Amino acid sequence: MLVSFKWLQEFVDIDISPADLADRLTMAGLETGRIIEPGKDITGVVTGRVDDVSPHPNADKLLVVKVSNGAETFQIVTAATNIAQGDVVPVALEGARLAGGVVIKRAKLRGIESQGMMCSGRELGLDQKIMPAEQAHGIMILPPGTPLGVDARQVLGLDDVVLELELTPNRGDCLSIIGVAREVAALLGKDFRMPVPVFPEMPESIEGQVRVDIHKPDLCRRYVARLIKNVRAGSSPLWVQQRLRCAGIRPISNIVDVTNYVMLELGQPLHAFDYDLLTGHHIIVRLAGKDEKITSLDGVERELDPDMLVIADPSGAVAIAGVMGGLNSEVTPDTKSVLLESAFFDPVSIRRTAKRLGLSSESAQRFEKGIDLSGCTRAVDRAAQLIQDMGAGEVVAGVVDNYPCPAVEKAIVLRPSRVTHVLGVDVSVSAMQNVLSGLQFKIRDDGNEMLVTVPVHRTDVNVEIDLIEEIARMYGYHRLPCTLPGGSATPGYKTAEQLFTDKIRDVLAEAGLFEVVTYSFISPGIFDLINLPPEHLLRRAVSVKNPLSEEHSVMRTIMWPGLLEVLVRNYNRQVKNGTVFEIGHVFYPRGEGRQPAECPMLAAVVTGRTRGGWNQAPREMDFYYLKGFLEIIFDRAGVSEVSYLPEKTNPSFHPGRTACLVSDDCFLGIIGEIHPDVLEKFGLGQRAAAFEIDLTALFKVCKGGKKYQPISRFPGVDRDLAVVISQDVPAQEVFKVIRESGGMLLKEVELFDLYYGRQVPEGCRSMAFTLKFQALDRTLTDTEVTGCLDNIANDLRLRLGAKLRV
């Protein structure tokens, strides 16, 4: 909120500097972000009249202009084309300083001396975005009759100071000059002046000329209409334009500028309709019809939802209530009669409509935060007064005030003892009463309690603690004692599950994976991308009631697709290699009225190739590469026995390169190469592998810390064993039999060769292992080692049908 210091002074006498006022407001909860002095750097710029314009004798695109400041006449050479004899303009004479520190000097342009410069708004520090269209480019033309030779800063309002307030969402009452003036009056102990609009009205009455019907009184609690006839469209007076610019609003025309001016001054948004374009001169406040559309003032056709409030006439919508007017009722230079609207619309309805349509406006912002329901008539009368004073129209007598839900002032009981207890300082009852009465609260003292009546414009004050806050901020937060809260403190600690999760995170990060965080909200279309059939359990996702978009409308039941999207985004930006993991939650519905189950999960996805070097070729990050990370996790977590069971039914993964993870009959998760169809749908042009692990299940099967044992002082014995075995037998089963048959003397088993070829029967493969035998108390003999090998070979033959390869 941009607040003009001079404008404030019309409603309250301020005897401190703008900087001091900014500090006082900040300490009272109205934080001042910065203090803007628009004309601070400008000196020596005065108003001047163009007395003569003639072509430059030596340049086709230059003009020689005679400009008078009322006492002297100066010759100026310019390239501007928007000036004419008699125009009053800002003139920077020799030695003048403009915005940005530019100093004006005499100069010769193509042989003709120029004694200064006529200024555009840009040279005076004005933003072209907030200047009238006719003044956005070229020399700034001031209104006829502007005194000559006076400081242009005063004429243009550049000698003002603007406070930029950073208001909290609950202080919608301070989105106006009078709202801030009330605060200033209370802070300084001054009287707040609220002038009553006074203006002459035409003999004819509005009765019978305007009809207002409200079909949704819960969404529109009040609608006030006033009729202006004999409208003369044109530019606003300079002082109105100055104040609009100070607030960051571009002047447009007198009628539109008045509605914006009143909105800034009183906090009540207004809208002006072309009265003659309203069918039957009948205003209807209703919900939008099915498939109803409206072209808004910005020229965009917008499709309305059935729960959006609109202002309509019998032929259709003419405005989106509280957000933006319609092009079909716009005030134009040809408008002869104007209907002014001043209404109260439901904040939630306006916010929902503005957000859904992607429209953000000053009026919508005020309606969303709540306006003064009792101030609708005052605002429309103030607008009528300004229009009358400008000579821009004549006011028809009376107003139409449809007020189905009148304002009721809230009454709150305030206990002085409670104020003292909460603030920790003894504030006298008289001081409390002075603070509240200064803020225009009405007080009735009942001895130990006070009955406080809250003014209608303070929609943020609802209970006793709100009144205590008002007393605290006006009394001064800096005057409250600084005390530390008492009581015993309990040191926080992490649970075993949290420590386990942190350990997994550290292990993966140390191993070279990058942790990412993806949205818990996903699109239902993800399930189609990963080939899940319609009846799949993972499609039973929890829906979000108010999603930001369809892309984030359900809670995720699976994590790895989000990681794949991260890698695809990188792939599309020429980052072909990626290793990412995430520790987060998936969400499963548990029935109507119950919160969804949140399950901690670990997921990782890899794609591309590892970085090579002079002594190492790059390696493809495939199933086995990703499996290595799992083995590191299992080793650090103390999970000793994990079975990799072939999985061929999961539609998201490659049927021959996928495994389910099981330990102690507990399902841990899945690992595999992502199905080529899925990769194609995501737009990834290379192979990728993923795993997803249930951290709760993994925690259950972990064995805790490692157990250490001494290293044997006796040498070990290495023997090789090669067997021919059916390809249908998983390698894990072979390892299991070898370990069980080798007994306590077998310390290590390593597969060093896998062979398919002519020397091996069809449907079989050759597997060669290195076995290490060792005892802690002796050196093993050949007989002992050979006996162990014979047992292993015999069990492989009997249990798995393997044959020794010689």
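In this numbering scheme, every chain counts its residues from 1 along its sequence in written order. With pLDDT at 70 or above as the cut-off, local features in this predicted model cover only qualifying residues; side-chain atom pairs require 80 or more to be listed or tallied, and sums for whole chains, interfaces and linings still use all residues. To obtain the side-chain values, all non-hydrogen atoms of the structure were included, while hydrogens and water were left out.

Asks: Any chance you could explain the overall build of the protein here in plain terms?
Replies: Numbering of helices and strands runs from the N terminus; a helix is a DSSP stretch of H or I covering at least four residues, while a strand is a stretch of E covering at least two. What the protein contains, in helices and strands, is 20 helices and 38 strands. When its C-alpha atoms are laid out on the principal axes, the protein stretches across 125 × 85 × 60 Å. Partly exposed residues are those whose accessible area sits between 20% and 50% of the maximum for their type, while under 20% is buried and over 50% is exposed, using a 1.4 Å probe and protein chains only. For the protein, with 806 residues in total, the buried portion stands at 48%. Two residues form a contact once any of their heavy atoms are found within 4.5 Å. The contacts of the protein with a sequence gap of at least 6 include a subset with a gap of at least 24, amounting to 70%.

Asks: Mind showing me how you'd approach the packing of helix 5 (residues 238-246) against helix 6 (residues 254-266) here?
Replies: The packing of two helices is summarised by the inter-axis angle and the distance between the axes. Where helix 5 contacts helix 6, the two axes come as close as 10 Å, and the packing angle between them is 55°. Of the possible angle classes, the one that applies to helix 5 and helix 6 is oblique. By crossing handedness, the relation of helix 5 to helix 6 is classed as left-handed. Touching W239, V240, R243 and L244 of helix 5 are D257, N260, Y261 and L264, all from helix 6. Among the residues making up the contact of helix 5 with helix 6, the classes are represented as five nonpolar, one polar and two charged. In this analysis an axis means a line fitted to C-alpha atoms, helices contributing only their contacting stretch, and an angle means the value between N-to-C directions, from 0 to 180 degrees. Here the word oblique covers every angle except those under 35 degrees (roughly parallel), over 145 (roughly antiparallel) and from 65 to 115 (roughly perpendicular). If you view the pair so one helix is near and one far, a crossing is left-handed when the near helix is turned anticlockwise from the far one by less than a right angle, and right-handed when it is turned clockwise. Under the scheme applied here, ten amino acids are nonpolar (Ala, Val, Leu, Ile, Met, Phe, Trp, Tyr, Cys and Pro), four are charged (Asp, Glu, Lys and Arg), and all others, including Gly, are polar.

Asks: What is the right way to look at the sheet that holds strand 25 (residues 450-454) in this model?
Replies: Adjacent strands of a sheet pair through backbone hydrogen bonds, lying either parallel or antiparallel. Whether two strands pair comes down to DSSP finding at least two bridges between them. In spatial order, the strands read 23-25-24; together these three strands make up an open sheet with antiparallel pairing. Each having just a single partner strand, strand 23 (410-414) and strand 24 (442-445) make up the two edges of the open sheet. The mean inter-strand angle of the sheet, taken between neighbouring strand axes irrespective of direction, is 20°. Pairing between strand 24 and strand 25: four bridges, direction antiparallel. Paired with D445 across the strands is M450, a residue of strand 25.

Asks: What exactly am I supposed to notice about the pairing of strand 11 (residues 211-214) here?
Replies: As a general feature of sheets, a regular strand has side chains that alternate between the two faces. Only one face of strand 11 is buried: it carries V212 and I214, and the other face, with R211 and D213, is open. Two strands pair when backbone bridges link them, and strand 11 and strand 14 (residues 282-287) are joined in this way by four bridges, in the parallel orientation. In the strand pairing of strand 14, I214 is matched with V285.

Asks: Where do I start with the side chain of S741 in this structure?
Replies: With respect to the element layout, S741 can be found in helix 19 (residues 731-742). Take S741: its relative accessible area is 12%, and that puts it in the buried class. Engagement of the side chain of S741 in a polar contact is seen with the side chain of D795, the distance being 2.4 Å. Within 3.5 Å is the distance limit for a polar contact, defined as a pair of N or O atoms, with the added protein rule that one can donate a hydrogen and the other accept it, and that residues adjacent in sequence qualify only through two side-chain atoms.

Asks: Explain the nonpolar core to me, please; I cannot follow it from the model alone.
Replies: Side chains of nonpolar character tend, in soluble globular proteins, to be buried together. Among the buried residues, those of types Ala, Val, Leu, Ile, Met, Phe, Trp, Tyr and Cys that are joined through side-chain atoms within 4.5 Å form a nonpolar core. By size, the foremost hydrophobic cluster in this structure holds 120 residues, and its most contacted members are Y223, I311 and F345. One finds Y625, L626, A689 and I693 within the second-largest nonpolar core, a separate group that totals 34 residues.

Asks: How do you make sense of the packing of aromatic side chains when you look at a structure like this?
Replies: By convention here, two paired aromatic rings are described through the distance between centres and the angle between planes. Planes of paired rings set the category: under 30 degrees apart is stacked, over 60 is edge-to-face and the rest tilted, where pairs are Phe, Tyr or Trp rings (Trp by its six-membered ring) whose centres lie within 6.5 Å. If you walk through the whole model with that rule in mind, you get eight aromatic pairs. Among the aromatic residues, those joined into a ring-pair cluster are W7, W239 and Y261. Against the face of Y644 rests K627, its NZ or CZ located 4.7 Å from the ring centre. Criterion for a charge above a ring: Lys NZ or Arg CZ within 6 Å of the ring centre, and within 35 degrees of the ring normal.

Asks: Explain unusual backbone geometry to me, please; I cannot follow it from the model alone.
Replies: Keep in mind that most residues, glycine aside, have a negative phi and that most peptide bonds are trans. A positive phi angle, near 55°, is found at N230, a position not held by glycine. Examined against the element boundaries, N230 turns out to sit in the loop between strand 12 (220-229) and helix 5. With a phi close to 70°, Q574 is a non-glycine residue in the positive phi region. Take Q574: it is sitting in the loop between helix 15 (560-571) and strand 29 (578-588). On the accessibility criterion, Q574 (60% relative accessible area) is exposed.

Asks: Help me understand helix 2 (residues 18-27), please; the structure alone is not making it clear to me.
Replies: Three or more residues of helix 2 are buried, namely P18, L21, A22 and L25. Projected down its long axis, helix 2 carries its buried residues within an arc of 105°, all on one side. Where helix 2 is buried, its residues touch helix 1 (5-8), strand 2 (31-36), strand 10 (162-166) and helix 4 (177-188). One or two residues past the end of helix 2 sits G29, with phi positive at roughly 100°. The reported arc concerns the directions from the helix axis to the C-beta atoms and nothing else.

Asks: Explanation requested: the layout of surface pockets in the structure shown.
Replies: To find leftover empty space, one rolls a probe the size of a water molecule over the atoms. The definitions used throughout rest on a 1 Å grid laid over the protein atoms alone, on which a cavity is an enclosed set of points accommodating a 1.4 Å probe that cannot get out and a pocket is an open set flanked by protein within 12 Å on both sides along at least five of seven lines; lining residues are those having an atom within 4 Å of a point. Grid points are joined across faces, edges and corners, and a volume is the space filled by probe spheres set on the points. For the second largest pocket, the calculated volume is near 870 Å³. In terms of lining, the second largest pocket is formed by 32 residues, of which the most central are V256, N260, H271, L297 and M324. Those elements that provide at least two residues to the lining of the second largest pocket are helix 6, strand 13 (270-274), strand 18 (316-320), strand 19 (324-325) and helix 8 (362-369). Among the elements that line the lining of the second largest pocket, the one with the most residues is helix 6, at five residues. Partitioned by chemical class, the residues of the lining of the second largest pocket number 18 nonpolar, nine polar and five charged.

Asks: Which parts of the structure should I look at to understand a nonpolar patch on the surface?
Replies: A cluster of nonpolar side chains, V422, V463 and I465, forms an exposed patch at the surface whose accessible area comes to about 220 Å². Looking at where V463 falls in the secondary structure, it is placed in the loop between strand 25 and helix 12 (464-475). According to the relative accessible area criterion, V463 is partly exposed, its value standing at 44%. Each patch is built from residues lacking any salt bridge and having more than 30% relative accessible area; the joining distance is 9 Å for like charges and 5 Å for nonpolar side chains (Val, Leu, Ile, Met, Phe, Trp, Tyr). Values of accessible area rely on a 1.4 Å probe in the Shrake-Rupley scheme; residue burial ignores everything except the protein chains shown. Whenever Lys or Arg places a side-chain nitrogen within 4 Å of a carboxyl oxygen from Asp or Glu, that contact is recorded as a salt bridge.

Asks: How do you make sense of the pattern of salt bridges when you look at a structure like this?
Replies: Pairs may arise between side chains of opposite charge once their charged atoms sit close together. All chains considered together, the criterion is met by 49 salt bridges. The salt bridge involving D298 is made with R302; its shortest N-O contact spans 2.6 Å. Residue classification places R302 among the buried positions, given a relative accessible area of 12%. In the salt-bridge network here, residues are joined through shared partners; they are R171, D173, E183, R458, D460, E470 and R473.

Asks: I'm lost on empty space enclosed by the protein in this one. Help?
Replies: Taken as a whole and assessed by the stated rule, the structure comprises two cavities of 30 Å³ or more. What the largest cavity holds in volume is close to 160 Å³. Elements supplying a minimum of two residues to the lining of the largest cavity: helix 4 and helix 9 (376-390). Of the residues forming the lining of the largest cavity, the biggest block, three residues, is contributed by helix 4. Residue classes in the lining of the largest cavity are distributed as five nonpolar, eight polar and five charged. For the second largest cavity, the calculated volume is near 40 Å³. Surrounding the second largest cavity, D173, G179, R182, E183, L439, H457 and R458 form its lining. In the lining of the second largest cavity, the residues fall into one nonpolar, two polar and four charged.

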